[in-house]
Amino acid sequence: MSSAVPLVVVRGAALSYRDRRVLDGIDLDLRAGETLALLGPNGAGKTSLMRLVAGRLAPDAGSVRIAGHDPHTMPEARRAIGWVPQDIALYARLTVAENLDVFARLAGLRRAERRAAVTDALDLTGIAEVAGRPVGLLSGGYQRRVNIAASLMARPRLVLLDEPTQGVDLQARAAIHAVLERLRRAGAALLIATHDFAEAERLADRAAFLKSGHIVREGALSDLLARLRDGAPEHEIALSGLAAGPAEAALRRAGFTPVDTGLTWRARPAAGRPTDAAAQLAALRDAGVPVAEIRIRALGLDAVYRDVLGLREPAPSQALADAP
Ligand SMILES: Nc1ncnc2c1ncn2[C@@H]1O[C@H](COP(=O)(O)OP(=O)(O)OP(=O)(O)O)[C@@H](O)[C@H]1O
């Protein structure tokens, strides 16, 4: 459940490193209980934007407010923010519980508060069973969960996570997703920078796309997807035994305007073609196209990303125009 008044309000924010501007004209709102995914290519400015929101850097222009306060100048505003950096920032030789106690001290908690905060963070992140083990001996997936737990000592209302599942296996990824869902159910606002579209689709209510320091698209996931052309499903087609040139020609003859993605072709069919996979397969084979496999899937955030970055394949109307 998200509340009406945004917890995070960023208006017209700009940031430069020395004289190089890396963020410009950033507007962003985030409400309690809401999860926003920050997406964009390497170097787009995701981490820099999170540093601004965390109050670790001050904007050159514009403003950042957390519950009405400037996080850069007001320590109490910073206390409302949990920061989970991309790199593991823990003491390898200390146990998990000892690490969390250090972070609890840094957060300014008294002894009794520290014990409760550590216990709660261990429970919420599902790592109580490794509380007594040195962090350096844990798997990468557990270390990432400890990294998240360390950000929760002051019971933040906002948690910023920079690529929280980078480099972990599928099981650890699922465990981290469960942690983030619990945090969100507990009413925290989450801002997650990620390159993982499936992760963003699973966790986020909204997504913001950064490109060269600007938010070039932002909105609720359903709105972002609905905005993308007519919502016709995307086809992924694998062809057998054809070089790229003849394969493209064959697909064009069959009414597609295909894009080569390496192993497969991505294509949207011309209007009026069958929409179920079996009928598509039969029609393509009738047209002499050697289809090994065809998958039809609803558009996802990866399609929005390609659209935002100008990596789009031609729209269906062009596919129709290109058809013989
Ligand atoms: N401390 C710094 N000093 C100078 N330039 C920096 C600094 N940190 C980042 N940059 C530059 O600012 C730009 C934005 O970087 P940032 O790390 O915010 O991008 P990002 O979207 O998080 O990238 P990635 O996906 O690779 O993590 C990049 O061009 C980067 O090289």
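A quick note: this is a predicted structure, and the numbers were derived from the prediction, not measured. (Residues numbered from 1 in each chain as written. Predicted model: local features only at pLDDT ≥ 70, side-chain atom pairs only at ≥ 80, totals over all residues. Heavy atoms only, no water.)

Structural notes on the packing of aromatic side chains
Counting across every chain of the model gives two aromatic pairs. Ring plane angle 50 degrees and centroid distance 6.5 Å describe the contact between F209 and Y305, whose orientation is recorded as tilted. Residue F209 is located in strand β8 (residues 206–211), and its partner Y305 is located in helix α11 (residues 301–308); the two are separated by 96 residues in the primary sequence. Neither F209 nor Y305 differs from the other in exposure class; each is buried. Three or more aromatic residues joined by ring pairs make a cluster, and in this case those are F197, F209 and Y305. A cation over a ring is seen here: R145 above Y142, with NZ or CZ 4.6 Å from the ring centre. (Phe/Tyr/Trp six-rings, centres within 6.5 Å; stacked < 30°, edge-to-face > 60°. Helix = DSSP H or I, 4+ residues; strand = E, 2+ residues; numbered from the N terminus. Buried < 20%, exposed > 50% of the residue type's maximum accessible area, 1.4 Å probe, protein only. Lys NZ or Arg CZ within 6 Å of the ring centre and 35° of its normal.)

Considering the domain arrangement of the protein
You can read the domains of the protein as domain 1 (8–226) and domain 2 (229–322). Relative placement of domain 1 and domain 2: their C-alpha centres are 38 Å apart. Across the boundary between the two partners, domain 1 contributes 15 residues, which contact ten residues of domain 2. Interface area for domain 1 against domain 2, summed over the two sides, is near 1,100 Å², with a carbon-plus-sulfur share of 72%. (Domains from an automatic or database assignment. Contact = heavy atoms within 4.5 Å. Buried area = accessible area lost by both parts, 1.4 Å probe.)

Focus on the site of the ligand
R20, G43, K46, T47 and S48 are the nearest of the 15 residues found near the ligand. In this structure, an oxygen atom belonging to the ligand sits 2.8 Å away from a side-chain N or O atom of R20. Protein contact buries 65% of the 640 Å² of open area that the ligand shows by itself. No other element matches the four residues that helix α1 (residues 46–53) contributes to the shell around the ligand. Here the shell around the ligand is built from residues that sort into four nonpolar, seven polar and four charged. (Near = heavy atom within 4 Å. Polar contact = N/O pair within 3.5 Å; in protein donor to acceptor, adjacent residues only side chain to side chain. Areas by Shrake-Rupley, 256 points an atom, 1.4 Å probe, with all protein chains shown as cover. Nonpolar A, V, L, I, M, F, W, Y, C, P; charged D, E, K, R; others polar.)

Examining the sheet that holds strand β5 (residues 81–84)
Sheet architecture is open: six strands sit in the order β5-β6-β7-β3-β8-β9, paired in mixed fashion. For this open sheet the edge positions go to β5 and β9 (214–220), each flanked by a neighbour on one side alone. Mean inter-strand twist for the sheet, computed between neighbouring axes without regard to direction, equals 15 degrees. Both β8 and β9 contribute to a ladder of six bridges, which runs antiparallel. Opposite A207, over in β9, you have G219 as the bridge partner. Its contacts with the sheet place helix α6 (residues 170–185) against β3 (35–39), β6 (158–162) and β7 (189–193), and it is angled at close to 150 degrees to β7. Its contacts with the sheet place α11 against β3, β8 and β9, and it is angled at close to 30 degrees to β8. (Pairing = 2+ DSSP bridges. Axes fitted to C-alpha atoms, helices over the stretch in contact; angles between N-to-C directions.)

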